[in-house]
Amino acid sequence: MTEPTPEVPPAGHPALRVTTMPADANPYGDIFGGWLMSQMDMAAGLVAARHSKGRAVTIAVDAMEFLAPVAVGDEVSVYADLVRTGRTSMTIEVEAWRRGRHVEQSCRVTKARFVFVAIDEARRPRPIAGVD
């Protein structure tokens, strides 16, 4: 696989930034897709919880495609943007970007839409404050 053309990450700060470790990888040093998806879910969850002012859970992930590999030692930045709010649900666009440890160039490695629902103490859907 050829190295992707460098791109410019989204404006603003990432919701989550982490350095990949050997425990996150297969024997060839490539990061597991499931590990990357869990980082994206955590980033989206931070946005959902802040927006809903309480607990929110993932109910769907739409069309994740892996565009480039992530290696042990890479820095992964996950950007999450709230794009839609319903009465109880939120849709969050999430992008993961990698940067080699000793370079400045970044490239997008995957993106997806995550849907969260705000829930109450009994784990039932609850209205999001300020949304009728």
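In short, a report on the structure. (Residues numbered from 1 in each chain as written. Predicted model: local features only at pLDDT ≥ 70, side-chain atom pairs only at ≥ 80, totals over all residues. Heavy atoms only, no water.)

**A word on the overall build of the protein**
Okay, so step 1: Scanning the protein from N- to C-terminus turns up one helix and five strands.
Okay, so step 2: In the protein, the succession of α and β elements from N to C terminus is β-α-β-β-β-β.
Okay, so step 3: With the C-alpha coordinates aligned to their principal axes, the bounding extent of the protein is approximately 50 × 30 × 20 Å.
Okay, so step 4: Sorting the 132 residues of the protein into buried and exposed places 38% on the buried side.
Okay, so step 5: Summed over its atoms, the accessible surface of the protein is roughly 7900 Å², and 53% of this surface lies on carbon and sulfur atoms.
Okay, so step 6: Within the protein, one finds 15 positive and 16 negative side-chain charges whose respective centroids are separated by 7 Å. (Helix = DSSP H or I, 4+ residues; strand = E, 2+ residues; numbered from the N terminus. Buried < 20%, exposed > 50% of the residue type's maximum accessible area, 1.4 Å probe, protein only. Areas by Shrake-Rupley, 256 points an atom, 1.4 Å probe, with all protein chains shown as cover. Lys, Arg positive; Asp, Glu negative; His and termini not counted. Charge placed at Lys NZ, Arg CZ, Asp CG, Glu CD.)

**A look at the nonpolar core**
Okay, so step 1: One finds Leu 36, Met 40 and Phe 116 to be the most contacted residues of the largest nonpolar core, which totals 25 residues.
Okay, so step 2: Those elements that provide at least two residues to this core are α1 (33-52), β3 (75-85), β4 (89-99) and β5 (106-118). (Core = buried A, V, L, I, M, F, W, Y, C linked by side-chain atoms within 4.5 Å.)

**As for the sheet that holds β5**
Strands belonging to one sheet form pairs held by backbone hydrogen bonds; the direction of such a pair is parallel or antiparallel.
Okay, so step 1: Taken together, five strands build an open sheet; the order of strands is β1-β3-β4-β5-β2 and the sheet is antiparallel. Among the strands making up the open sheet, the edge pair consists of β1 (16-19) and β2 (56-66). Each strand of the sheet is rotated relative to its neighbour by a mean of 25°, with strand direction disregarded. (Pairing = 2+ DSSP bridges. Axes fitted to C-alpha atoms, helices over the stretch in contact; angles between N-to-C directions.)

**Remarks on the pattern of salt bridges**
Okay, so step 1: One pass over the structure, following the stated rule, counts six salt bridges.
Okay, so step 2: Arg 17 serves as the salt-bridge partner of Glu 75, at 3.6 Å between the closest nitrogen and oxygen. Of this pair, Glu 75 sits in strand β3 while Arg 17 is found in strand β1, placing the two residues 58 residues apart along the sequence.
Okay, so step 3: Put simply, Arg 113 and Glu 93 hold a salt bridge, and the shortest N to O gap is 2.5 Å. Of this pair, Arg 113 sits in strand β5 while Glu 93 sits in strand β4, placing them 20 residues apart in sequence.
Okay, so step 4: A residue is classified by how much of its surface remains accessible, and Glu 93, at 34% relative accessible area, is partly exposed.
Okay, so step 5: Connected through shared salt-bridge partners, Arg 17, Glu 75 and Arg 99 make up one network. (Salt bridge = Lys/Arg side-chain N within 4 Å of Asp/Glu carboxyl O.)

**Notes on the environment of Lys 111**
Okay, so step 1: By the secondary structure assignment, Lys 111 is in strand β5.
Okay, so step 2: Given the relative accessible area of 44%, Lys 111 is considered partly exposed.
Okay, so step 3: Separated by 47 residues in sequence, Lys 111 and Met 64 place their C-alpha atoms 5.9 Å apart.
Okay, so step 4: In this view, Lys 111 contacts Met 40, Ala 63, Met 64, Glu 65, Val 94 and Glu 95; residues no more than four positions away in its chain are not counted. (Contact = heavy atoms within 4.5 Å.)

**Here we look at the side chain of Arg 126**
Okay, so step 1: Looking at the secondary structure, you find Arg 126 in the segment after β5.
Okay, so step 2: Here Arg 126 is buried and forms no salt bridge, its nearest opposite-charge partner Glu 121 lying at an N-O distance of 6.7 Å.
Okay, so step 3: For Arg 126, the side chain forms a polar contact with the main-chain oxygen of Arg 55, separated by 3.5 Å.
Okay, so step 4: In contact with Arg 126, other than residues within four places in its own chain, are Ser 52, Lys 53, Gly 54, Arg 55, Arg 87, Thr 88, Ala 118, Ile 119 and Asp 120. (Polar contact = N/O pair within 3.5 Å; in protein donor to acceptor, adjacent residues only side chain to side chain.)

**Some points on α1**
Because the α-helix completes a turn every 3.6 residues, residues three or four places apart line up on one side.
Okay, so step 1: Its 20 residues give α1 an end-to-end C-alpha distance of 28 Å, which sits within 8% of 28 Å, the value for a rise of 1.5 Å per residue.
Okay, so step 2: For α1, every residue scored as buried is listed here: Trp 35, Leu 36, Gln 39, Met 40, Ala 43, Ala 44, Gly 45, Val 47, Ala 48 and Ser 52.
Okay, so step 3: Downstream of α1 by a residue or two, Lys 53 has a phi angle that is positive, lying close to 55°. (Expected span 1.5 Å × (residues − 1).)

Keep in mind that these numbers describe shape and distance, not what the molecule does.
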